[in-house]
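Here's the letter readout for the chains.
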Amino acid sequence: MSDVRVILETAVADKIVARASELTTKKLRDLACRFDDLIMNGTMIELYEANLAFHRELLALCGNSELVNLVTEIRQRTSSAPVSQWKTRARIEQSSREHHQMIDALVAKDTEELKRVTVKHIKQSADLSGDGISHNG
């Protein structure tokens, strides 16, 4: 299912970048910061819901509500329990960094960077140190 999400979400990256505005990126930044805050101060359910809110808002920028609904449905088909989504705190923190990288790509109008980070985020590629170097072999 993650492969299907990669295909769908990267296919509309150009539309997301084109439709991103200062207002929408601020709203996304607020949602990403809420996620950050919940890492230390929230429950796993609150963290999971904040993550869903961020991704819904980001994907909604594509302007295709059917695609947003389809991705939401796909997410529900996969193991969506927060405990299976984030195996370690390091992975949660990496997800947080990736949220901000996605927003940075929008601000820079960099479609390729948005695609790259989206793939990494969906596939949960390991870069858990925060130094930008993959440590998964």
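Chains are numbered independently. Their residues run from 1 in the order of the written sequence. Since the coordinates come from a predicted model, pLDDT governs what is reported: local features require at least 70, and pairs of side-chain atoms require 80 or more to be given and counted, while whole-chain, interface and lining totals use all residues. Here the side-chain values reflect all heavy atoms present in the structure, with hydrogen atoms and water set aside.

A. Here's a closer look at the side chain of Glu9. Structurally, Glu9 is set in helix α1 (residues 2-11). Exposure classes here rest on a 1.4 Å probe applied to the protein chains alone. A residue is buried below 20% of its type maximum, exposed above 50%, and partly exposed in between. With a relative accessible area of 11%, Glu9 lands in the buried category. In contact with Glu9, not counting residues within four places along its chain, are Leu59, Val71, Thr118 and Ile122. Only DSSP runs of H or I reaching four residues or more are called helices, and only runs of E reaching two or more are called strands; each is numbered from the N terminus. Residues are treated as being in contact if the distance between any of their heavy atoms lies within 4.5 Å.

B. Here's a closer look at the environment of Glu93. With respect to the helices and strands, the residue Glu93 is situated in helix α7 (residues 89-107). In the structure, Glu93 is positioned 57 residues away from Asp36 in sequence and 7.9 Å away in space, judged by C-alpha atoms. Within polar-contact distance, the side chain of Glu93 engages the side chain of Arg89 at 2.7 Å. Two N or O atoms form a polar contact when they lie within 3.5 Å of each other; inside protein one atom must be a possible hydrogen donor and the other a possible acceptor, and for residues adjacent in sequence the pair counts only when both atoms belong to side chains.

C. Examining the packing of α1 against helix α5 (residues 65-77) more closely. Lines fitted to the C-alpha atoms define the axes, with helices restricted to the stretch that makes contact. Angles between their N-to-C directions range from 0 to 180 degrees. The interhelical angle for the contact between α1 and α5, taken along N-to-C directions, is 160°, at an axis separation of 11 Å. Between α1 and α5, the angle is such that the two are roughly antiparallel. Helix-helix and strand crossings are classified by hand; for α1 and α5 the assignment is left-handed. Facing Val4, Arg5, Leu8 and Glu9 of α1, the residues of α5 in contact are Leu67, Leu70, Val71, Ile74 and Arg75. Class assignment of the residues belonging to the contact of α1 with α5 gives a composition of six nonpolar, no polar and three charged. Angle categories: roughly parallel below 35 degrees, roughly antiparallel above 145, roughly perpendicular from 65 to 115, and oblique for all the rest. When the near helix sits turned anticlockwise from the far one by under a right angle, the crossing is termed left-handed; a clockwise turn instead gives a right-handed crossing. Side-chain classes follow a simple rule in which Ala, Val, Leu, Ile, Met, Phe, Trp, Tyr, Cys and Pro form the nonpolar group, Asp, Glu, Lys and Arg form the charged group, and the remainder, Gly included, forms the polar group.

D. Structural view of helix α8 (residues 111-123). What a helix is expected to span follows from its residue count: subtract one and scale by 1.5 Å. Here α8 spans 18 Å end to end across 13 residues, near enough to the 18 Å set by a 1.5 Å rise per residue. Along α8, the positions that sit buried rather than exposed are Thr111, Leu114, Val117, Thr118, Lys120, His121 and Ile122. Looking at the packing, one finds that the buried side of α8 touches α1, α2 (13-19), α4 (44-60) and α7. The first or second residue beyond α8 is Gln124, which carries a positive phi of 55°.

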